[in-house]
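# Structure assessment
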Amino acid sequence: MNELELLRNKIDEIDTKLCELFENRMEIAKAIGQYKKEHNLDVLDVSREEIVLNKAKERIKNKDLEEYYLKLVVYLMDLSKKYQND
């Protein structure tokens with residue numbers, strides 16, 4: 001196996017873990033959506049999104065990747081809101 005194949009295998013392993021984490025996150029987002037529906041709360045919570053983004057900024061160690069990580073987090077929140085509304 002050459003270096004490229006080894007690196008691609010590592011990406012595949014990470015993608016598998018990301019998929020599991022994504023499914024877990026979306027299941028929880030759906031439960032949050034159900035809670036909000038039962039308690040007549042809006043799906044959009046701007047203050048919570050701000051907290052999530054601030055935590056994301058604190059978590060990312062490689063500041064060169066911060067912009068990309070924040071885009072990922074925003075996209076995940078957008079998907080979560082859509083899933084909560086479905």
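Residues numbered from 1 in each chain as written. Predicted model: local features only at pLDDT ≥ 70, side-chain atom pairs only at ≥ 80, totals over all residues. Heavy atoms only, no water.

## Some thoughts on the nonpolar core
To keep things clear, this is the line we draw: Only buried Ala, Val, Leu, Ile, Met, Phe, Trp, Tyr and Cys residues count toward a nonpolar core, and they belong to the same one when joined by side-chain atoms within 4.5 Å. We call a residue buried when its accessible area falls under 20% of the maximum for its residue type, exposed when it is over 50%, and partly exposed in between, using a 1.4 Å probe and counting protein chains only. Numbering of helices and strands runs from the N terminus; a helix is a DSSP stretch of H or I covering at least four residues, while a strand is a stretch of E covering at least two. A contact between two residues is defined here by any heavy atoms of the two lying within 4.5 Å.
Formed by V52, A56, L70, V73 and M77, the largest nonpolar core amounts to five residues. Mapped onto this core, the elements with two or more residues apiece are α2 (46–59) and α3 (66–85). Here the element with the most residues in this core is α3; it accounts for three residues. For M77, the contacting residues outside a window of four places in its chain are R25, E49, V52 and L53.

## Some thoughts on the pattern of salt bridges
Condition: Counted as salt bridges are all cases of a side-chain nitrogen of Lys or Arg within 4 Å of a carboxyl oxygen of Asp or Glu.
This structure, assessed with the given rule, holds five salt bridges. For E67, the salt bridge is made with K71, and the minimal N-O distance between the two is 3.4 Å. Of this pair, E67 and K71 both sit in helix α3, four residues apart, roughly one helical turn. Here K81 ties to D78 by a salt bridge, and the two come within 3.3 Å at their closest N and O atoms. One end of the pair, K81, and the other, D78, are both in helix α3, three residues apart, so they sit about a helical turn from each other. The partly exposed category is assigned to D78, whose relative accessible area is 36%. In this structure, a network of salt bridges that share partners links the residues E49, D78 and K81.

## Comments concerning the packing of helix α1 (residues 3–38) against α3
Cut-off, in case you're wondering: Here the axes come from fitting lines to C-alpha atoms, over the contacting stretch only for helices, and the angles between their N-to-C directions go from 0 to 180 degrees. Comment on the angle field: the value is read as roughly parallel under 35 degrees, roughly antiparallel over 145, roughly perpendicular from 65 to 115, and oblique elsewhere. Handedness of each helix crossing follows the sense of rotation of the near helix against the far helix: counterclockwise by less than a right angle gives left-handed, clockwise gives right-handed. In the scheme used here, Gly and all other residues not listed as nonpolar or charged are polar, with Ala, Val, Leu, Ile, Met, Phe, Trp, Tyr, Cys and Pro taken as nonpolar and Asp, Glu, Lys and Arg as charged.
Here α1 crosses α3 at 50°, and the two axes come no closer than 8 Å. Compared by their axis directions, α1 and α3 come out oblique. Here α1 and α3 pass one another in a crossing that is right-handed. When α1 is examined against α3, the residues F22, R25, M26, A29, K30, I32, G33 and K36 are found in contact with a partner set consisting of L76, M77, L79, S80, Y83 and Q84. Residue classes in the contact of α1 with α3 are distributed as eight nonpolar, three polar and three charged.

## Description of α2
Selection criterion: Expected span, for any helix, means 1.5 Å times one less than how many residues it has.
Between the first and last C-alpha of α2 there are 20 Å, a value that for 14 residues agrees with the 20 Å anticipated at 1.5 Å per step. Tucked into the core, α2 has its buried residues touching α3.

## Considerations on a positive patch on the surface
Applicable threshold: Distance thresholds for patches are 9 Å for like charges and 5 Å for nonpolar side chains (Val, Leu, Ile, Met, Phe, Trp, Tyr), applied to residues having over 30% relative accessible area and no salt bridge. Surface exposure here means Shrake-Rupley accessible area, sampled with a 1.4 Å probe, where a residue is shielded only by the protein chains that are shown. Counted as positive: Lys and Arg. Counted as negative: Asp and Glu. His and the chain ends are not counted at all. By convention, charge coordinates are those of NZ in Lys, CZ in Arg, CG in Asp, or CD in Glu.
Among the surface-exposed residues, R25, R48, K55 and R59 lie close enough to one another that they form a single positively charged patch. If one sorts the elements of the positive patch by residue count, α2 sits on top with three residues. Its place among the elements puts R59 in helix α2. Its relative accessible area of 53% is what places R59 among the exposed residues.

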